[in-house]
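Structure at a glance
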Amino acid sequence: MAEFTSSRNKNLTASAYEAVFMGLAPDGGLYVPENIPSLKIEEVLNDTYSDMAKRVLKGMLPSFTDEEISKSADEAYLYHFDSKDVAPLVKTGEAYTLELFHGETCAFKDVALSILPRLMTRARKALGKEDKILILTATSGDTGSAAMNGFRDVEGTGIITFFPDGGVSDIQKAQMTKMQGDNLLACAVKGNFDDCQTMVKNMFSNLVPPSGIRLSSANSINIARLAPQITYYYWAYARLVKDHDLAIGKKIDFVVPTGNFGDILAGFYAKCMGLPIGKLICASNANNVLTDFIKTGVYDRKREFKKTISPSMDILISSNLERLLYLAEGKDDKKVEAHMKSLKETGEYKVSDCALSFIQENFIGYSFDDDEAKAQIRKVYEKENYLIDPHTAVAFCAMEAYKNEHKDSVCVVLSTASPYKFSDTVMDALEIQKPQDAFERISVLENKTNVKAPKMIEKLKDGKMIHKDVIEVKDAFDYVLGKAEKICKA
């Protein structure tokens with residue numbers, strides 16, 4: 001059954017099972033739903049997080065059976081988060097903050113990557129595939145550890161995570177390089193995140209894996225990574241209604257720190273499904289390619305790549321934007337294909353006037369530099385006694401800018417990571433003298449702020465670094481071919 005099509009070629013169709021199992025369409029396009037389902041907030045208002053996820057995923061992945069969806073959601077959300085709410089909503093000053101960092105690697109990627117391996121293995125079984133699955137993932141910081149944790153010891157799978165050498169925080173690196181599991185590998189790449197992402201995409205198009213092994217992805221280019229993220233938009237709205245007297249039907253605005261455009265695109269899918277959302281506010285750091293795009297309709301990656309204090313957003317090629325382009329250009333796959341070809345060959349593309357109007361109707365973009373983000377960390381702590389990480393700080397900056405122009409807006413800020421994953425930056429912002437050792441910094445920050453670090457991060461201190469590989473981009477194919485069979489037989 002054709003439930004998905006490639007964003008670049010409508011003739012390349014797939015069932016939900018096939019889209020999840022393959023990750024990327026054969027032409028390099030992203031799988032987009034033929035039809036976006038509808039789901040009224042009233043239908044899920046009293047659900048637990050797990051039950052809400054079941055309804056969202058059944059609509060987005062229709063070929064999966066109710067039992068497959070139900071078991072996957074319960075296995076993911078009943079046991080792997082330190083809050084029974086999975087994503088608590090807390091009032092913070094002029095906005096509400098949706099805390100998405102209560103999973104086992106303390107970042108929002110856990111919400112989707114706790115369920116993705118379960119969906120993928122069930123898709124594999126339903127399709128009658130005997131091939132083992134080799135997951136290749138590029139990470140700007142958080143996806144890597146969450147993917148490794150999700151796929152750890154999952155039968156019939158192996159995973160290799162590539163991260164930019166020197167381009168992630170100390171804690172992010174420790175989470176990846178210290179993680180145990182016979183089917184796991186983490187490898188540093190001499191380059192930035194865009195180099196890692198382009199390298200992985202190139203492998204999907206051109207690498208022939210060993211016999212009996214099939215490549216797939218845990219990045220948000222896989223629809224089973226993206227679809228679960230829709231749930232927490234519904235969850236935030238439900239919590240506002242149940243706990244904060246929001247009138248059902250009132251539109252709310254979401255502020256999303258984003259680089260690869262997956263997290264915010266999930267919000268747009270929620271809006272398309274019927275959730276009362278006004279604006280999706282795209283918060284960027286100094287790598288402001290998305291801000292410029294939303295303002296002008298011109299996507300131009302030909303600019304200086306800047307290393308910032310919010311490394312998970314240090315991205316110039318936002319993969320998931322392609323799914324938005326498909327809708328904005330009226331599902332014209334040829335236009336999307338032309339845009340992607342132009343981006344690859346010239347470094348830029350320009351959308352149609354109709355597409356730009358569509359995008360601006362739904363999104364607004366802001367960007368802020370490191371100094372502004374640090375000032376926001378300090379401000380939020382001093383005013384609210386609430387600690388935020390540098391990515392969430394960029395979102396708080398955007399929230400303030402938006403509310404200056406829309407004073408009656410009900411804003412929900414997506415808080416994407418624990419501040420303790422970035423203790424170095426947080427201590428700089430609070431002007432706290434910091435030790436050189438990352439784990440000593442955590443102890444000092446706890447004592448100075450009375451905000452407890454997650455237990456998952458504290459446990460890292462005693463871990464041993466296992467994954468020490470560092471490669472050049474040009475050596476990636478040989479690296480994967482040399483490791484594939486070993487980690488996939490685990």
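Residues numbered from 1 in each chain as written. Predicted model: local features only at pLDDT ≥ 70, side-chain atom pairs only at ≥ 80, totals over all residues. Heavy atoms only, no water.

**Quick notes on the overall build of the protein**
What counts, and what does not: Secondary structure counts use DSSP, requiring at least four H or I residues in a row for a helix and at least two E residues in a row for a strand, with both numbered from the N terminus. Atoms considered for the radius of gyration are the C-alpha atoms alone. The globule rule reads 2.2 Å times the number of residues to the power 0.38. Each residue gets one of three labels from its accessible area relative to the maximum for its type: buried under 20%, exposed over 50%, partly exposed in between, using a 1.4 Å probe on protein chains only. In what follows, a contact means two residues having at least one pair of non-hydrogen atoms within 4.5 Å. What sets the accessible areas is the Shrake-Rupley method with a 1.4 Å probe; for residues, cover comes only from the shown protein chains. Charge counting treats Lys and Arg as positive and Asp and Glu as negative, with His and both chain ends excluded. Note on charges: their place is set at NZ of Lys, CZ of Arg, CG of Asp or CD of Glu.
The number of helices and strands found in the protein is 21 helices and 16 strands. Expected size for 490 residues packed as a compact globule is a radius of gyration near 23 Å; at 21 Å, the protein falls within 12% of this value. With 490 residues in all, the protein has 62% of them scored as buried. For the protein, the share of sequence-separated contacts (at least 6 apart) that also reach a separation of at least 24 residues comes to 75%. Accessible surface computed for the protein: about 18600 Å², of which carbon and sulfur atoms make up 46%. Of the charged side chains in the protein, 62 are positive and 69 negative; the average position of the first set lies 1 Å away from that of the second.

**Structural notes on the packing of aromatic side chains**
Let me state the cut-off plainly: Side-chain rings of Phe, Tyr and Trp (the six-membered ring for Trp) are treated as a pair once their centres are within 6.5 Å; stacked means planes under 30 degrees apart, edge-to-face means over 60, and tilted covers the remaining angles. Each ring is checked for a lysine NZ or an arginine CZ that lies within 6 Å of its centre and within 35 degrees of its normal; such an atom marks a charge sitting over the ring.
Summed over all chains, the structure comprises 14 aromatic pairs. Each ring, one from Y49 and one from Y77, has its centre 5.1 Å from the other, and the planes form 70 degrees; the classification is edge-to-face. On the criterion of sequence distance, the pair formed by Y49 in helix α3 (residues 49–60) and Y77 in helix α4 (residues 66–77) is long-range, its members being 28 residues apart. Considered together, Y49 and Y77 belong to a single accessibility category, that of buried residues. Linked through ring pairs, Y49, Y77, F81 and W235 together constitute an aromatic cluster. Between K91 and the ring centre of Y96, over which it is positioned, the NZ or CZ distance is 5.1 Å. The lysine or arginine in question, R239, covers the ring of W235, its NZ or CZ lying 4.7 Å from the ring centre.

**Comments concerning the pattern of salt bridges**
To keep it simple, the criterion reads: By definition, a salt bridge exists where a carboxyl oxygen of Asp or Glu is found within 4 Å of a side-chain nitrogen of Lys or Arg.
The final tally for this structure, using the stated rule, is 26 salt bridges. When the shortest N-O distance is used, the salt bridge between D300 and K302 registers 3.1 Å. A relative accessible area of 45% places K302 in the partly exposed class. E458 is the partner of K452 in a salt bridge, and the nearest nitrogen-oxygen pair spans 3.7 Å. Among the charged side chains, a salt-bridge network with shared partners connects D51, K54 and D74.

**Let's talk about the state of the cysteines**
Quick reminder of the rule: By disulfide we mean two sulfur atoms from cysteines, separated by a distance within 2.5 Å.
In total, this model carries 0 disulfides according to the counting rule given. Distance from the sulfur of C397, which forms no disulfide, to the nearest cysteine sulfur (C411) is 13 Å. In this model C488 remains outside any disulfide bridge; the closest cysteine sulfur is found in C187, 16 Å from its own.

**Overview of helix α16 (residues 370–384)**
To keep things clear, this is the line we draw: To estimate the expected span of a helix, subtract one from its residue number and multiply by 1.5 Å. Arc definition: directions from the helix axis to the C-beta atoms. Any pair of N or O atoms that falls within 3.5 Å is considered a polar contact. Within protein, one atom must be able to donate a hydrogen and the other to accept it, and sequence-neighbouring residues count only if both atoms are side-chain atoms.
With 15 residues, α16 extends 21 Å from end C-alpha to end C-alpha; this agrees with the ideal 21 Å at 1.5 Å per step. Within the span of α16, buried status applies to A373, Q376, I377, V380 and Y381. Buried residues in α16, looked at end-on, bunch into an arc of 125 degrees, giving them a common side. Counted as exposed and oriented over 90 degrees from the buried face of α16: D371, E382 and K383. Structurally, α16 contributes buried residues whose contacts are with α17 (390–405), α18 (423–429) and α19 (438–449). The N-cap of α16, judged by a side-chain oxygen 3.2 Å from the amide nitrogen of D371 a few residues on, is D369.

**Focus: the sheet that holds strand β15 (residues 411–415)**
In plain terms, the rule: Two strands make a pair as long as DSSP finds a minimum of two bridges between them. Fitting a line to C-alpha atoms yields each axis, with helices limited to the stretch in contact; the angle taken between N-to-C directions then spans 0 to 180 degrees.
With respect to topology, 6 strands assemble into an open sheet ordered β4-β5-β15-β10-β11-β14, the strand pairing being mixed. In this open sheet, the two edge strands, each paired with only one partner strand, are β4 (89–92) and β14 (363–367). Shown here is a sheet whose adjacent strand axes are inclined to one another by a mean of 25 degrees, direction ignored. Its contacts with the sheet place helix α12 (residues 289–296) against β11 (277–284) and β14, and it is angled at close to 140 degrees to β14.

**A few points about the nonpolar core**
What counts here: The term nonpolar core refers to a set of buried residues drawn from Ala, Val, Leu, Ile, Met, Phe, Trp, Tyr and Cys, joined through side-chain atoms within 4.5 Å.
Counting 111 residues, the largest nonpolar core has L61, Y77, L98, Y233, Y234, F254 and V412 as its most contacted members. The dominant element in this core, judged by the number of residues it contributes, is helix α10 (residues 223–244), at 14 residues. If near-sequence neighbours (up to four positions away) are discounted, L61 is found in contact with F4, A16, V20, L119 and I223.

**Topic: the side chain of S310**
Position of S310 relative to the elements: it lies in the loop between β12 (298–300) and α13 (321–328). Once you skip the residues sitting within four places of it in the chain, S310 turns out to touch N285, P390, H391 and V394.

**Quick look at α19**
Taking 1.5 Å of rise per residue, 12 residues should cover 16 Å, and α19 covers 17 Å from first to last C-alpha, within 8% of that figure. Those residues of α19 lying buried are A438, F439, R441, I442, L445, E446 and T449. Here the buried residues of α19 occupy an arc of 150 degrees about the axis, which is enough to place them on one side. Exposed residues lying more than 90 degrees from the buried face of α19 are N447 and K448. In this structure, the buried side of α19 is in contact with α8 (170–177), α16, α18 and α20 (455–458). Two or three places before F439, at the start of α19, stands the capping residue D437, its side-chain oxygen 3.0 Å from that residue's backbone nitrogen.

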